[in-house]
Amino acid sequence: MTTPPDAPRTGATTAVLPVVGGDPASTPKPKKKRDRIKVAFFSVLAVFAVVVVVVGLFGWNLWSSFDKAKKIQDAFPTGERPAAVAGAQTILLLGSDTRGSSEDDELSGRSDTIMVVNVPADHQSVSVMSIMRDNWVEIPGHGEAKINAAMALGGVPLVVETVEKFIDARIDHVAIVDFESFAGMADALGGVTVDNPKEFTAVSGEHFDEGKITLRGDDALAFVRERKAFATGDYQRAANQQRFMKGLLSEVLSADTLLNPFRMSSLVSEVSPFLSVDAGVDPGYLLSTLWNARDIRSSDVHFFTSPTLGTGWRSGQSVVLPDWDEIDVVRKALRDGTLSEYEPPKL
């Protein structure tokens, strides 16, 4: 009997065809690759969640800390005012020394320190001009007097109006800081380093060596308060306050502070109980200001005192005489956004 050609022969070996693509055992399993993608995804998600939580806590802490600052109601004068400069910020910073006085005295007494802080529209520099408190000026509606009398005569709105006329520029925001906060600020930053040009002993007993010194706590407070230890009185006190502010800004604008939300929150927490601000200054404004200042370093901060002709006598008082010709130069620099380039003449 003949075997059909298509039928397999009994006992014949069946050939095994090779699997295309090689040995299945040597091919990576798709499941393992998916697992690695999942791990990477959830790792990134976890880091993002931590960042969100940290930023959220920082924002909440900043908001709650800054909420301790008092609000100045009706901080600005009514009527005609200088035009605002687009993109620029001009802030009136007033320092008060309320030792033994009530909270209300801060908003009705005389301002011990007057500073105009200007940030031009390009946000590449900061200029801080001290105005001597005894400058003899015209106070709207009250005639001539020392500039620091404006607070007692008409509160914060009259101070703003008087300073706006003095600099011929609009004040965008107002802040009043009690000197007591300087001790807390210095401690929150781990100390503020200043270059002290002259050794002196404050009337309160603190001694300050010549050269670079680090101020903390009550030493910082004594350094910015002192004037009786100097022959030039308020001139030297204004200069020392500028040195402290420069050292303070150097610490605040450092990466160690700007990139450390806990240190920044601690600083705000220390300052806010001693701070009064206009209604437009809130945590949102503070964060925006810090963001705009991210490229500014201490070398970009320019301090000077408004130009004067020295001291004299008016109405039986020892006063500081403004140099109005030179103040016109300051006014123009404010309008042009070039205040950081201004250097006042030496007395």
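Because the structure is a prediction, the values reported are computed rather than measured. (Residues numbered from 1 in each chain as written. Predicted model: local features only at pLDDT ≥ 70, side-chain atom pairs only at ≥ 80, totals over all residues. Heavy atoms only, no water.)

Things to note about the packing of aromatic side chains
Move 1: Summed over the entire model, instances satisfying the criterion amount to eight aromatic pairs.
Move 2: Considering the side-chain rings of Phe182 and Phe244, the 5.2 Å spacing of their centres and the 20° angle between planes classify their relative orientation as stacked. Here Phe182 is found in helix 3 (residues 180-188), whereas its partner Phe244 is found in helix 5 (residues 234-252), with 62 residues between them in sequence. The same class applies to Phe182 as to Phe244, namely buried.
Move 3: Members of the aromatic cluster, each reached through a chain of ring pairs, are Phe200, Phe208, Phe223 and Phe230. (Phe/Tyr/Trp six-rings, centres within 6.5 Å; stacked < 30°, edge-to-face > 60°. Helix = DSSP H or I, 4+ residues; strand = E, 2+ residues; numbered from the N terminus. Buried < 20%, exposed > 50% of the residue type's maximum accessible area, 1.4 Å probe, protein only.)

Regarding the nonpolar core
Move 1: The biggest cluster of nonpolar side chains holds 45 residues, and the ones touching the most others in it are Phe208, Leu215, Phe223, Phe244, Leu248 and Leu267.
Move 2: The greatest single-element share of this core, amounting to five residues, is contributed by helix 4 (residues 217-225).
Move 3: By size, the runner-up hydrophobic cluster in this structure holds 33 residues, among which are Ile72, Ala149, Ala150 and Val159. (Core = buried A, V, L, I, M, F, W, Y, C linked by side-chain atoms within 4.5 Å.)

Observations regarding a negative patch on the surface
Move 1: A contiguous patch of negative charge on the surface is contributed by Asp187, Asp218, Asp219 and Glu270.
Move 2: Within the secondary structure layout, Glu270 lies in helix 7 (residues 261-271).
Move 3: Looking at Glu270, the relative accessible area reads 33%, which means it is partly exposed. (Patch = residues over 30% accessible without salt bridge, like charges linked within 9 Å, V, L, I, M, F, W, Y side chains within 5 Å. Areas by Shrake-Rupley, 256 points an atom, 1.4 Å probe, with all protein chains shown as cover. Salt bridge = Lys/Arg side-chain N within 4 Å of Asp/Glu carboxyl O. Lys, Arg positive; Asp, Glu negative; His and termini not counted. Charge placed at Lys NZ, Arg CZ, Asp CG, Glu CD.)

Remarks on the confidence of the model for the protein
Move 1: For the protein, the mean per-residue pLDDT works out to 82, and 76% of the residues sit at or above 70.
Move 2: Confidence, expressed as mean pLDDT per element, reaches its minimum in the protein at helix 1 (residues 30-66) with 58 and its maximum at strand 5 (residues 136-139) with 97.
Move 3: Throughout residues 51-57 the model reports pLDDT below 50, and contacts reaching past four residues in sequence, or to other chains, amount to zero contacts. (pLDDT = per-residue confidence, 0-100. Contact = heavy atoms within 4.5 Å.)

Structural notes on the sheet that holds strand 2 (residues 89-96)
Move 1: Taken together, the seven strands give an open sheet; going across it, the order is 1-12-7-2-3-4-13, and neighbouring strands pair in mixed fashion. Edge positions in the open sheet fall to strand 1 (70-72) and strand 13 (301-305), since each of these has one partner strand only. On average, each strand axis in the sheet is inclined to that of its neighbour by 20°, with strand direction left out of account.
Move 2: Alignment of strand 7 (residues 173-178) against strand 12 (residues 275-278), held across three bridges, turns out to be antiparallel. Looking across to strand 12, one finds that Val177 is bridged to Leu275.
Move 3: Contacting strand 1, strand 2, strand 3 (113-119), strand 4 (126-130) and strand 7, helix 2 (residues 150-167) crosses the sheet at an angle of about 140° to strand 2. (Pairing = 2+ DSSP bridges. Axes fitted to C-alpha atoms, helices over the stretch in contact; angles between N-to-C directions.)

Quick look at the pairing of strand 3
Move 1: Taken across its seven residues, strand 3 has seven buried, putting it largely inside the fold.
Move 2: Residues of strand 3 alternate between two faces, with Thr113, Met115, Val117 and Val119 on one and Ile114, Val116 and Asn118 on the opposite face, all of them buried.
Move 3: As paired elements, strand 2 and strand 3 share seven bridges and run antiparallel to each other. The residue bridging Ile91 from the neighbouring strand is Val117, located in strand 3.

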